[in-house]
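These are the residues of each chain, in order.
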Amino acid sequence: MTAPLRLGTRGSALAMAQSGQIAEALTAATGRPVELVEVVTAGDRSSAPVHRLGVGVFVSALRDALAARTIDFAVHSYKDLPTAEAGGLHIAAVPTRQDPRDALVARDGRTLTELAPGATVGTGALRRIAQLHALGMQLEVTPIRGNVDTRLARVLGPEADLDAVVLARAGLARLGRVDVITETLDPMLMLPAPAQGALAVECRVDDQDLVELLAVLDHAPSRSAVIAERAFLATLEAGCSAPVAAYAELAEGDTGEEIYLRGAVISPDGTRDLRLSRTGTPADAAEIGKALAAELLELGADSILGQEGHTGPGTQQFGSTE
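On a predicted model such as this, the values are computed, not experimentally measured, just so you know.

Cut-offs and rules
Counting restarts for each chain, with residues numbered from 1 along the sequence as it is written. For this predicted model, a pLDDT threshold of at least 70 governs which residues receive local features, and a threshold of 80 or more governs which side-chain atom pairs are given and counted, while totals over whole chains, interfaces and linings are taken from all residues. Just so you know, side-chain values use all the structure's heavy atoms and leave hydrogens and water out. Secondary structure elements follow DSSP: runs of H or I no shorter than four residues count as helices, runs of E no shorter than two count as strands, and numbering proceeds from the N terminus. Throughout, a contact is declared for two residues whenever any of their heavy atoms are within 4.5 Å. Method for areas: the Shrake-Rupley scheme with a 1.4 Å probe, in which residue coverage is limited to the protein chains shown. Every definition here rests on a 1 Å grid over the protein atoms only: cavities are sets of points where a 1.4 Å probe fits but cannot get out, pockets are open sets enclosed by protein on both sides within 12 Å along at least five of seven lines, and lining residues have some atom within 4 Å of a point. Grid points are joined across faces, edges and corners, and a volume is the space filled by probe spheres set on the points. When residues are sorted by character, Ala, Val, Leu, Ile, Met, Phe, Trp, Tyr, Cys and Pro go into the nonpolar class, Asp, Glu, Lys and Arg into the charged class, and all the rest, Gly among them, into the polar class. Where helices are involved, their axes are fitted lines through C-alpha atoms of the stretch in contact, as for all axes, and angles between N-to-C directions lie from 0 to 180°. By the definition used in this description, the sense in which the near helix is turned from the far one sets the handedness, with an anticlockwise turn below a right angle giving left-handed and a clockwise turn giving right-handed. Multiplying 1.5 Å by the residue count of a helix minus one yields the expected span of that helix. Each residue's exposure class comes from its accessible area (1.4 Å probe, protein chains only) as a fraction of the maximum for that residue type: buried when under 20%, exposed when over 50%, partly exposed otherwise. Salt bridges are defined by distance alone: a side-chain nitrogen of Lys or Arg within 4 Å of a carboxyl oxygen of Asp or Glu. Patch membership requires more than 30% relative accessible area and the absence of a salt bridge. Residues of like charge join within 9 Å; the nonpolar side chains Val, Leu, Ile, Met, Phe, Trp and Tyr join within 5 Å. Under the counting rule used here, the positive set is Lys and Arg, the negative set is Asp and Glu, and His together with the chain ends is not counted. Positions of charges follow a simple convention, taking NZ of Lys, CZ of Arg, CG of Asp or CD of Glu. Two strands form a pair only when DSSP identifies at least two bridges running between them. pLDDT is a residue-level measure of predictor confidence that goes from 0 to 100. In the analysis that follows, any N or O atom pair within 3.5 Å is treated as a polar contact, provided that within protein one partner can donate a hydrogen and the other can accept it, and provided that, for residues neighboring in sequence, both atoms belong to side chains.

Draft legend 1. Structural view of the overall build of the protein chain. Across its full length, the protein chain carries 10 helices and 13 strands. Within the protein chain, contacts between residues at least 6 apart in sequence are counted, and of these 71% link residues at least 24 apart. For the protein chain, the exposed surface amounts to about 13,100 Å²; the carbon and sulfur share of it is 49%.

Right, dumping it as structure tokens:
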């Protein structure tokens, strides 16, 4: 019998769920059995705010396990990956992306506009904090950490102490918890993080048989969208404290398929909010992202990034999908 492929994953409920879904899809498509191997990361061991933990905090242990050959491939929440390439490793597949939008879970079924001034809203992402402030609704935004259930308990549990929380819709969907969502937020109000909702299936570049096997999971439109968003992010060279957002959509244009990319850089207090968009073909996804970032830099985005600590390329960390 063929030995099972070893799939490395974080141990959180969300990571196990999305890795399990990838394992099932790969077995269904290829017949190869897959076993999950839990890998504990530095981010899992710490209770500090995500943006203070450092680069690749949910990623480096999985990549170390790949290099040590204790696992054959890994599944990451793509937005957790630093933009700098990892030597010897290859993103063999970007499966079909979940809905990348953010979701509001509020008491009494309220939507965002139904929250009263002074309402307390929890989120772990500076990008979300900045955009909530930019709305001018006078909300009290509270940084929070923890897995999905821990965050939901802050609103829905018997000891709830918040009026609402904002999470990635994709994480709730993968856990079968979309029923708790009171509003899926329009990107015009809350632009997602680059690569939010997407997964990266990574293996060693020298394992050519596995590279080819995993390619069956790749979804070209999802990969193109993520390439555009991450090229935008990399060109900005945003530090881990800089709220940067990007969302690429693919649609049929007059001359074929087009990418419509929106990007934003927002100061944490919401007083400076720079947003632009750009279109192009999927083949030019990376160039679209780079060009959009260059336009924002010309408008002064670098002053926002510098204000928040410009730490150089490949150093972005937006926190886990949870």
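Draft legend 2. Looking closely at the layout of surface pockets. A volume near 540 Å³ is recorded for the largest pocket. Lining the largest pocket are 22 residues, and of these Y78, T83, E85, I91 and R230 lie nearest its centre. At the level of elements, strand 4 (89–93), helix 8 (220–236) and helix 9 (285–298) are the ones that each hand at least two residues to the lining of the largest pocket. Per element, the largest residue contribution to the lining of the largest pocket is 7 residues, and it comes from helix 8. Along the lines of polarity and charge, the residues of the lining of the largest pocket split into 13 nonpolar, 3 polar and 6 charged.

Draft legend 3. Structural detail: the packing of helix 8 against helix 9. Put simply, helix 8 and helix 9 touch, their axes get as near as 7 Å, and they point 35° apart. In the crossing of helix 8 with helix 9, the sense of the turn from one axis to the other is right-handed. Every residue of helix 9 that contacts helix 8 at S224, I227, A228, A231, F232, T235 and L236 is listed here: A285, A286, G289, K290, L292, A293, L296 and L297. A class-by-class count of the residues in the contact of helix 8 with helix 9 yields 11 nonpolar, 3 polar and 1 charged.

Draft legend 4. Broad picture of helix 1 (residues 13–30). For helix 1, which comprises 18 residues, the first-to-last C-alpha distance of 26 Å matches the rise-based estimate of 26 Å (1.5 Å per residue) to within 8%. The set of residues buried in helix 1 consists of L14, A15, A17, Q18, S19, G20, I22, A23 and L26. Downstream of helix 1 by one or two residues, G31 has phi in the positive range, about 85°.

Draft legend 5. View of the pattern of salt bridges. Tallied over the full model, the rule gives 16 salt bridges. Notably, a salt bridge pairs D161 with R154, separated by 2.7 Å at the nearest N-O pair. Of the residues examined, D161 reaches a relative accessible area of 42% and is grouped as partly exposed. On the accessibility criterion, R154 (26% relative accessible area) is partly exposed. Notably, a salt bridge pairs R223 with D218, separated by 2.9 Å at the nearest N-O pair. Using a relative accessible area of 23% as the deciding quantity, one classes R223 as partly exposed.

Draft legend 6. Broad picture of a negative patch on the surface. On the surface, E252, D254, E257 and E258 cluster together into a negatively charged patch. Along the chain, D254 turns up in the loop between strand 11 (244–253) and strand 12 (256–266). Owing to a relative accessible area of 83%, D254 belongs among the exposed residues under this scheme.

Draft legend 7. The sheet that holds strand 9 (residues 183–184), seen in detail. In spatial order, the strands read 7-6-8-5-9; together these 5 strands make up an open sheet with mixed pairing. Edge positions in the open sheet fall to strand 7 (140–143) and strand 9, since each of these has one partner strand only. Where helix 5 (residues 148–156) meets the sheet, its contacts fall on strand 5 (102–106) and strand 8 (164–168), and the angle it forms with strand 8 comes to roughly 155°.

Draft legend 8. Up close: the pairing of strand 11. Where strand 11 and strand 12 come together, 10 bridges link them in antiparallel fashion. Across the sheet, residue A251 finds its bridge partner in strand 12, namely E258. Turn length for the strand 11-strand 12 hairpin, with the two strands adjacent in sequence and antiparallel, is 2 residues.

Draft legend 9. Representation of the confidence of the model for the protein chain. Mean pLDDT over the protein chain works out to 88, with 88% of the residues at or above the 70 mark. Scored below 50 in pLDDT, residues 43–55 makes 29 contacts in the model with residues more than four places away or belonging to other chains. Ignoring residues within four places in sequence, the model shows residues 308–322, a span with pLDDT below 50, making 67 contacts including any to other chains.

Draft legend 10. Representation of the environment of S267. Its place among the elements puts S267 in the loop between strand 12 and strand 13 (273–280). In this structure the C-alpha to C-alpha distance between S267 and A130, which are 137 residues apart in sequence, comes to 6.1 Å. Within the local environment of S267, its side chain forms a polar contact with the side chain of D269, the two groups lying 2.8 Å apart.

Draft legend 11. Up close: the side chain of R97. Within the fold, R97 resides in the loop between strand 4 and strand 5. Residue classification places R97 among the buried positions, given a relative accessible area of 14%. Within the structure, R97 has its side chain in polar contact with the backbone oxygen of Q196 (distance 2.8 Å). Every residue in contact with R97, bar those within four places of it in the chain, is listed here: A193, A195, Q196, G197, A198, S222, A225, E229 and A248.

Draft legend 12. Quick look at the environment of D72. With respect to the helices and strands, D72 occurs in the loop between helix 3 (60–67) and strand 3 (73–77). Taking the C-alpha atoms as reference points, D72 and L210, separated by 138 residues in sequence, lie 8.3 Å from one another. The contacts of D72, once residues within four sequence positions are left out, are P4, L5, R6, L66, C203, R204 and L210. Within the structure, the side chain of D72 is placed 2.7 Å from the backbone nitrogen of R6, a separation counted as a polar contact.

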